[in-house]
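# Coordinates in review
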Amino acid sequence: MNKWFSKKFLATDIRAPHNFTGVHLAPPQWLKLFFLLGADFTALLVAWIVAHRLNDFYSPPPPQFVWWTWWGLPSLFWCYAAIVLIFFTYAGLYRPQTRTQNFLGVVKLISSVFLLTLVAKYFYDPAIDLPRSLFFSAWGTSIIFVILARFVISLVLSPLESRQAIPIFLIASSCRIQHLTVTLERRSQYRVVGVALASTAHSHHTLQQILASGAQEVLAEALPEADLASSLYWHLRGENIALRLLPSSRDMLYRRGMPEIFAGLPTVRVEIPLLVGLDYRLKRALDYGGALFGIAVLSPLFLAIVIAIKLSSPGPAFFRQERVGLQGKTFQMWKFRTMVVNAPLLQQQLEAANENDDGIMFKLKRDPRIIPLGYFLRRSSLDEIPQLFNVMMGQMSLVGPRPLPLRDVERFDAWHHIRHQVMPGVTGLWQISGRSDIGSFDDVARLDLYYIDNWSLNLDWDILVETVRILLFRKGAY
């Protein structure tokens, strides 16, 4: 029998907290919660004022909905703001680990509140005609201002969150503990305060280790089979400790499914969309539209960079390199030139100095081939802008696994080639998860597989927004 918990746990429901002391948050996490709540409320307030001012002269709120006035604002606003914030809380938008830029979630939740308002209005008094101009202007401005507020908060809080060391306990196999420990402490704000072997994950001794370490989270990989798969989760939750799992590709597929009892058996059914392929067609339409818009808007910047490169270094302003794309087909990828003209030939002499952990990719933080202007272009990622033309030619997408040179692909293991089954992208999970700070290509490939397994339009949008934030802070590029 599993000896995971003590007698006091046996006497209670496994889901019950062992000691109810409220939520344990570090000061930066409380600060994030406070700022998010304040930003969301302020955004809703500004949206209401704008919508009210736009409609006050010809379409004010019906007096039947003004039950009281507080601080000069009618009851309709207070009810609306309270419901939106409750919806946000229930959906997890204020959890410490939740990314602030879950913009698609914001759009869905605010839209749900407005649609419920129509239903509630009908049952309250069908004869009341809610002004359409007020309704739609409040709906649109609420979405716009909340998204803008959350984007600003993410920019402000990101440097603060990255400085806070969060204690984490690691559970993994013996061959992975060292690698994961180094990875966590090098690439994140987490500090490993204890480790345990995956084979002992369901033991009472491991639980006591976790509690004694003072960890706020547990990261687990390759958990062994157990009679109750959620046993670890429930006992950590009872102690107010968050659990993170490193999933296999099979686990990711399960996540897409809907739990269902089939023929008396617990199964996971992976649904097929009603309109198969519509989301991918929308993605490609957004690729072409976004690339065309970017080229039009950034054309003055194109010209300025071309002139600067020509003045600072002899040779062409653009650099073309053969890269491996969809289904292993090669294409010429465009970039602004950041190195001397004979850089490809000089690379052979620098191979011995490669700083990449496994040698698959070639990386040097201080590459002698880079021209002075090239450092700025690389740090700001402006050298990648010409790839918008590759998108227009149908060779790349705005989001996807980064296409790599032939030299790198020739060093691939067999499973690395799975990334070539989707259209390569200008940006991707690699770029927002560490970029050049990721030294092992196995970790890069795992990010690509995660992207393929979990692809959605919402994930693409999250990656694009996070890319903008990282470019502003110039993190991880050289």
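Our subject is the structure listed above.
Right, let's walk through the structure included here. (Residues numbered from 1 in each chain as written. Predicted model: local features only at pLDDT ≥ 70, side-chain atom pairs only at ≥ 80, totals over all residues. Heavy atoms only, no water.)

### Quick look at the overall build of the protein
Helix and strand counts for the protein come out as 17 helices and 13 strands. Counting all 478 residues of the protein, 44% fall into the buried class. Of the contacts made within the protein by residues no fewer than 6 positions apart, 73% connect residues no fewer than 24 positions apart. Surface accessibility of the protein: about 26200 Å² in total, with carbon and sulfur atoms responsible for 65%. (Helix = DSSP H or I, 4+ residues; strand = E, 2+ residues; numbered from the N terminus. Buried < 20%, exposed > 50% of the residue type's maximum accessible area, 1.4 Å probe, protein only. Contact = heavy atoms within 4.5 Å. Areas by Shrake-Rupley, 256 points an atom, 1.4 Å probe, with all protein chains shown as cover.)

### Examining helix α12 (residues 372-380)
Those residues of α12 that sit buried are Gly 374, Leu 377, Arg 378 and Ser 380. Within two residues after α12, Ser 381 carries a phi angle of roughly 65°, on the positive side.

### Some details on the nonpolar core
If you look at the biggest cluster of nonpolar residues, it comprises 36 residues, and the most contacted ones within it are Phe 336, Met 361, Leu 404, Phe 441, Tyr 451 and Ile 463. Among the nonpolar cores identified, the runner-up in size contains 35 residues, and Ala 39, Leu 73, Leu 85 and Ile 147 belong to it. (Core = buried A, V, L, I, M, F, W, Y, C linked by side-chain atoms within 4.5 Å.)

### Observations concerning the pattern of salt bridges
Applying the stated criterion across every chain yields a total of 13 salt bridges. For Glu 217, the salt bridge is made with Arg 244, and the minimal N-O distance between the two is 2.5 Å. Linking Glu 217 in strand β5 (residues 217-221) with Arg 244 in strand β6 (residues 242-246), this pair joins segments that are 27 residues apart in sequence. Each of Lys 335, Asp 383, Glu 384 and Arg 402 takes part in a single network of salt bridges with overlapping partners. (Salt bridge = Lys/Arg side-chain N within 4 Å of Asp/Glu carboxyl O.)

### Comments concerning the side chain of Gln 387
As for its placement among the helices and strands, Gln 387 is situated in helix α13 (residues 387-392). Beyond its immediate chain neighbours, meaning those up to four positions away, Gln 387 contacts Met 333, Trp 334, Lys 335, Met 396, Arg 402 and Val 426.

### Quick word on the pairing of strand β3 (residues 166-172)
Most of β3 is tucked away: seven of the seven residues are buried. Because side chains alternate across β3, one face comprises the buried residues Ile 166, Ile 168, Leu 170 and Ala 172, and the other comprises Pro 167, Phe 169 and Ile 171, equally buried. Relative to strand β4 (residues 190-197), β3 runs parallel, the two being bridged by seven bridges. Looking at the pairing, Ile 171 lines up with Ala 196 of β4. Where β3 lies against β5, four bridges are found, and the strand directions are parallel. Bridged to Leu 170 within β5 is Leu 219. (Pairing = 2+ DSSP bridges.)

### Looking at the packing of aromatic side chains
One pass over the structure, following the stated rule, counts 14 aromatic pairs. The interplanar angle of 65° and the centroid separation of 5.4 Å between the aromatic rings of Phe 77 and Trp 78 together place this pair among those described as edge-to-face. When its relative accessible area of 0% is taken as the criterion, Phe 77 is described as buried. Through a chain of ring-to-ring contacts, three or more aromatic side chains come together here, namely Phe 302, Phe 318, Trp 334, Phe 336 and Phe 389. (Phe/Tyr/Trp six-rings, centres within 6.5 Å; stacked < 30°, edge-to-face > 60°.)

### Observations regarding the environment of Thr 330
Its place among the elements puts Thr 330 in strand β10 (residues 330-336). It is 9.8 Å that separates the C-alpha atoms of Thr 330 and Leu 404, two residues lying 74 residues apart in sequence. Contacts of Thr 330, omitting those with residues within four sequence positions, involve Glu 322, Arg 323, Val 324 and Leu 406. Within the local environment of Thr 330, its side chain forms a polar contact with the side chain of Glu 322, the two groups lying 3.2 Å apart. (Polar contact = N/O pair within 3.5 Å; in protein donor to acceptor, adjacent residues only side chain to side chain.)

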